[in-house]
Amino acid sequence: MASRYHEVYQAWKRDPEAFWADAAREIDWFTPWDKVFDPDDGVYGRWFSGASCNTCFNAVDRHVDGGRKDQPALVYDSPITGRKQSFTYAGLKAEIVALAAVLQDLGVGKGDRVVIYMPMVPEAVFAMLACARIGAVHSVVFGGFAARELAARIDDAAPKAVISASCGLEPGRVVSYKPLLDEAIRLAAAKPESCLILQRPEQDCELVAGRDHDYAALVDAARAAGRQVPCVPVLATDPLYILYTSGTTGRPKGVVRDNGGHMVRLKWSMFNEFGIKPGETFWAASDVGWVVGHSYIVYAPLLHGCTTILFEGKPVGTPDAGVFWRVIAEHGVAALFTAPTAFRAIRTADPEAELLEPHDLSRFRTLFLAGERADPDTVKWAERTLGVPVIDHWWQTETGAPISQDPVGLGMLPVKYGSPGVPMPGYDVRVLDDAGHPVEAGRLGNVVVKLPLPPGALPTLWNDDGRFREAYLSEFPGYYKTADAGMLDEDGYLFIMARTDDIINVAGHRLSTGGMEEVVAEHPAVAECAVIGIADALKGQVPCGFVVLHGKANVDIATVEKELVAMVRDRIGPVAAFKRVVPVARLPKTRSGKILRATMQKIADHQEWTMPATIDDPAILDEISEALEKHSR
Ligand code: COA
Ligand code: AMP
């Protein structure tokens, strides 16, 4: 079948407002919009201004009313606990309504923020949708972040309530969430009035009198009382959630997602980009703490009337590298979305995919990979192993949905390995040099998007229009800066090569090396440091810290190394995977004192590098090579 991509993309380009107004027919609105796009509203304009709607209504209630009440909406599969549970659309609605009543009793109303710090349990999904139902703004914090990171998010969002759990479960380890939450609230200046705590059977926790409440007790009571909570109308432009993501400093950026445009964009993506029909089963093997979890575990599949899988496990070790195949077969998954690192882990553990054999994957049609560059070797292995198309696609927390992809529903285009496809409607992608001039096809440059951004992409940062302008819109006027470097080829395919800032991608998790440097620099023996991302066969990148110790510091370097690793784990979280510290006598710098991180990275990755013209003392680069070699021995 010939792809409709070019025709559809051109239709969007000719008349973006007509295109999105047409897509918006798939959503139930309480009242229509005044303008499809209002260029005078917000920082660069707003979509569907004046319309009122409710995201929970569209994701849940309308399916209950529309013939899907007995269809599984959410299937929880937890190889780590051995538990499985399925919720129909009617069952999901009942859980959400009861929780929404509890939140209202705790004084949470429209516009109030609720921080959700949860492991991968169904209650995390109920919590997000209960907030959406009453017009509260959720902010989910990934469980692998430590107390200080959680505190920074609590301070910025100033939540009225927090929903959390006693513990999370990692292979071979129970992660006690409650002490982390208590410490975060102690550190935060903005204290939440109440915390709703889910006690998990693997480990319960103490509740703080007057502040903490038992999730199950309150929800059961609301259910027993037959409490009903209607979906509260909100403006399309009202925030649905805030999701914090790594910025170039330790202070995370609060990406705002609105209600209306978000629904339109995600609903459109499910068939046109992912090729999924309502009623089918979609599995995003990510975490609700990341944008992929928000968009493709929770909102998009439910808006589309699909069954979504919530998987509490890992691609390997829970119990083995066959667990993905088991889940696909058992739940009839039509498409899986995960990060390339998961497939690298499976391949390393089971190179011949022997664990695939007992499973019937006949309903499985497509594998989607995103979150980091999909290396062609892994893509080809997955294609050979599964016998289905493997689609690399590129997006960011900020965009909430793919910027570029091979659009399966519109008809696939010829595959180019190493490319995450072509720009999706809504995205006029350009590649500019540092001075803002377009570069020719096939040349590397700054990847930018011509404004306005489409529905669903961030309209601003939480309470910080200034930082939004400064971080994304100021360097290339008229464009959104993706902070990715890459190129467009002569056929319009994108290639995304690297970040242009200090963000690194560790096992598909986005982290700031600047944030890690801030922690490392706090160690009393450290005079100076630089943290860079270096290539890793499994995780794509891992952080590596170069430290210069104080001249007079009489310390045991092995002890300092251990302390630094512990500090980053304690302040940022285990997810940072900061395990490598290389002591050096000096750091290479330009004559104006800037640390030459890019050159250090090339040396560490054994890539070709050229001597920077502005370097202060070239001999230091040899010292870096020697230190790395000594350290790896
Ligand atoms: N709560 C607490 N700790 C967590 C956590 C959570 N929710 N998630 C991860 N961690 C911890 C891990 O236990 C690990 O700790 P350790 O240093 O004590 O081993 C550390 O954070 C790093 O975790 P992770 O990056 O997951 O690495 P891993 O070595 O445990 O597993 C993979 C490697 C490849 C199996 C794993 O990264 C993976 O499944 N990746 C899939 C990618 C993904 O989901 N990306 C999301 C965007 S699509
Ligand atoms: P996040 O906000 O966590 O989704 O991370 C976004 C960043 O991950 C992007 O800016 C890219 O640097 C990187 N990224 C995501 N998907 C891809 C992809 N398919 N190819 C290359 N890089 C990607």
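Everything numeric here is computed off the predicted structure, so don't read it as measured data.

## Details of the sheet that holds strand E24 (residues 445–450)
Argument step 1. Overall, antiparallel pairing links the 4 strands, which are arranged E23-E24-E25-E26 in an open sheet. On the outer flanks of this sheet lie strand E23 (429–432) and strand E26 (494–499), each paired with one strand and no other. When the angles between neighbouring strand axes are averaged without regard to direction, this sheet yields 50 degrees.
Argument step 2. Note that E24 and strand E25 (residues 479–488) share 6 bridges and pair antiparallel. Following the sheet pairing, valine 448 is matched in E25 by lysine 481.

## Examining the pattern of salt bridges
Argument step 1. Taken as a whole and judged by the stated rule, the model has 42 salt bridges.
Argument step 2. When the shortest N-O distance is used, the salt bridge between aspartate 258 and arginine 46 registers 3.6 Å. With a gap of 212 residues between them, aspartate 258 in strand E15 (residues 253–258) and arginine 46 in strand E2 (residues 46–49) connect regions that are remote in the sequence. Both residues of the pair, aspartate 258 and arginine 46, belong to the buried class.
Argument step 3. Here glutamate 330 and arginine 326 are joined by a salt bridge, their closest N and O atoms 3.2 Å apart. Here the residue glutamate 330 and the residue arginine 326 both occupy positions in helix H11 (residues 323–331), the gap between them amounting to 4 residues, near one helical turn.
Argument step 4. Given the relative accessible area of 39%, glutamate 330 is considered partly exposed.

## Points about the packing of helix H2 (residues 16–23) against helix H9 (residues 260–272)
Argument step 1. Between H2 and H9, the shortest axis-to-axis distance is 9 Å and the interhelical angle comes to 80 degrees. The pairing of H2 with H9 is recorded here as roughly perpendicular in orientation. Residues Phe19, Trp20 and Ala23 of H2 lie in contact with H9, whose contacting residues are Val264, Arg265 and Trp268.
Argument step 2. Of the residues in the contact of H2 with H9, the class split is 5 nonpolar, no polar and 1 charged.

## Some points on the site of ligand 2
Argument step 1. Near ligand 2 you find 14 residues, and of these His393, Thr397, Asp484, Arg499 and Arg510 are the closest.
Argument step 2. Between an oxygen atom of ligand 2 and a side-chain N or O atom of aspartate 484, the distance comes to 2.6 Å.
Argument step 3. In the complex, 92% of the free accessible area of ligand 2, which totals 490 Å², lies under the protein chains.
Argument step 4. Residue classes in the shell around ligand 2 are distributed as 3 nonpolar, 5 polar and 6 charged.

## Overview of the pairing of strand E6 (residues 113–117)
Argument step 1. When you tally the buried positions in E6, you get 5 out of 5 residues, the bulk of the element.
Argument step 2. Side chains of E6 alternate between two faces, with Arg113, Val115 and Tyr117 and Val114 and Ile116 buried alike.
Argument step 3. For E6 and strand E7 (residues 137–140), the ladder comprises 4 bridges, and the chain directions are parallel. Each bridged residue has a counterpart across the sheet, and for valine 114 the counterpart in E7 is histidine 138.
Argument step 4. As a crossover connection, the stretch from E6 through helix H5 (residues 122–134) into E7 is right-handed.
Argument step 5. Pairing analysis gives 4 bridges linking E6 to strand E8 (residues 161–165), with the strands arranged parallel. Bridge assignment links valine 115 to a residue of E8, and that residue is valine 162.

## A closer look at the site of ligand 1
Argument step 1. Taken together, 23 residues surround ligand 1, and among them Glu170, Arg173, Pro315, Arg569 and Lys579 come closest.
Argument step 2. Measuring from an oxygen atom of ligand 1, one finds a side-chain N or O atom of lysine 539 at 3.0 Å.
Argument step 3. One of the backbone nitrogen or oxygen atoms of valine 575 is found 3.4 Å away from an oxygen atom of ligand 1.
Argument step 4. Contact with the protein chains removes 84% of the 940 Å² of surface that ligand 1 exposes when unbound.
Argument step 5. Each residue belonging to the shell around ligand 1 can be placed in one class, and the counts come to 11 nonpolar, 6 polar and 6 charged.
Argument step 6. Shared between two domains, the shell around ligand 1 takes at least three residues from each, and those domains are domain 1 (5–414 + 426–450) and domain 2 (503–632).

## Digging into the confidence of the model for the chain
Detailed reading of the predicted model is not advised wherever pLDDT is low.
Argument step 1. Averaged over all residues, the pLDDT of the chain equals 96, while 99% of them reach at least 70.
Argument step 2. Within the chain, the lowest mean pLDDT, 90, falls on helix H18 (residues 619–632), and the highest, 99, falls on H5.

## A look at unusual backbone geometry
Argument step 1. For the peptide bond that leads from threonine 318 to proline 319, omega is 0 degrees, which places it in the cis range.
Argument step 2. Cis geometry marks the peptide bond from leucine 451 to proline 452; its omega dihedral reads 5 degrees.
Argument step 3. Mapped onto the elements of the fold, proline 452 is located in the loop between E24 and helix H14 (465–473).
Argument step 4. One non-glycine residue with positive phi stands out, namely asparagine 463, at about 55 degrees.
Argument step 5. Relative to the helices and strands, asparagine 463 is located in the loop between E24 and H14.

## Details of the nonpolar core
Soluble globular proteins: nonpolar side chains tend toward being buried together.
Argument step 1. Leu129, Val288, Tyr296, Tyr299 and Phe337 are the most contacted members of the largest nonpolar core, which has 124 residues in total.
Argument step 2. Core analysis: the next-biggest nonpolar cluster, separate from the first, contains 62 residues, Tyr177, Met516, Val520 and Val568 among them.

## Concerning the domain arrangement of the chain
Argument step 1. Domain boundaries assigned for the chain yield domain 1 (5–414 + 426–450) and domain 2 (503–632).
Argument step 2. Summarising the inter-unit geometry, the C-alpha centres of domain 1 and domain 2 are found 33 Å apart.
Argument step 3. Opposite the 24 residues of domain 1 that make contact, domain 2 presents 24 residues.
Argument step 4. Summed over both sides, the interface between domain 1 and domain 2 buries roughly 1700 Å², with carbon and sulfur atoms accounting for 48% of that surface.
Argument step 5. On the domain 1 side of the contact with domain 2, Arg148, Ser246 and Trp290 bury the most area, a combined 28% of that side's loss.

## Thoughts on the environment of valine 542
Argument step 1. On the secondary structure map, valine 542 appears in strand E30 (residues 540–549).
Argument step 2. Residues valine 542 and leucine 511 lie 31 residues apart in sequence; the distance between their C-alpha atoms is 9.9 Å.
Argument step 3. For valine 542, the contacting residues outside a window of four places in its chain are Ile504, Val506, Ile532, Gly533, Ile534 and Asp536.

What counts and how
For every chain, the first residue of its written sequence is number 1, and the numbers climb from 1 along that sequence. Lettering of chains starts at A and numbering of ligands starts at 1, both following the order in which they are written. Only residues with pLDDT of at least 70 are given local features in this predicted model, and only at 80 or more are side-chain atom pairs given and counted; all residues enter the totals for whole chains, interfaces and linings. For side-chain calculations, the full set of non-hydrogen atoms in the structure is used, while hydrogens and water are omitted. Paired strands, in this sense, are two strands between which DSSP finds at least two bridges. What counts as a helix is a DSSP run of H or I of at least four residues, what counts as a strand is a run of E of at least two, and both are numbered from the N terminus. In this analysis, axes come from line fits to C-alpha atoms, helices being fitted only over the stretch in contact, and the angle between any two N-to-C directions falls in the range 0 to 180 degrees. A side-chain nitrogen of Lys or Arg and a carboxyl oxygen of Asp or Glu constitute a salt bridge if their distance falls within 4 Å. Only protein chains enter the accessibility calculation, which uses a 1.4 Å probe; a residue is then buried when its area is under 20% of its type maximum, exposed when over 50%, and partly exposed in between. Roughly parallel refers to an angle under 35 degrees, roughly antiparallel to one over 145, roughly perpendicular to one between 65 and 115, and oblique to any angle outside these ranges. Should any heavy atoms of two residues lie within 4.5 Å, those residues are considered in contact. For this scheme, ten residues count as nonpolar: Ala, Val, Leu, Ile, Met, Phe, Trp, Tyr, Cys and Pro. Four count as charged, namely Asp, Glu, Lys and Arg, and the remainder, Gly too, count as polar. Nearness of a residue to a molecule or strand requires only that one of the residue's heavy atoms be within 4 Å of it. Identification of polar contacts relies on pairs of N or O atoms within 3.5 Å, with a donor-acceptor requirement for protein atoms, meaning one able to donate a hydrogen and the other able to accept it, and with residues adjacent in sequence counted only if both atoms are side-chain atoms. A 1.4 Å probe and the Shrake-Rupley method give the accessible areas. Residues count as covered only by the protein chains that appear here. With strands facing away from the observer, any crossover in which the path from the first strand over the helix to the second runs clockwise is taken as right-handed. Delimitation of the domains relies on an automatic or database domain assignment. A residue's pLDDT is the predictor's confidence in that residue, given on a scale from 0 to 100. Definition of nonpolar core: a set of buried residues of the types Ala, Val, Leu, Ile, Met, Phe, Trp, Tyr and Cys, connected through side-chain atoms within 4.5 Å. Put simply, buried area is the surface a 1.4 Å probe can reach on two separate parts but cannot reach once they are joined, added for both.

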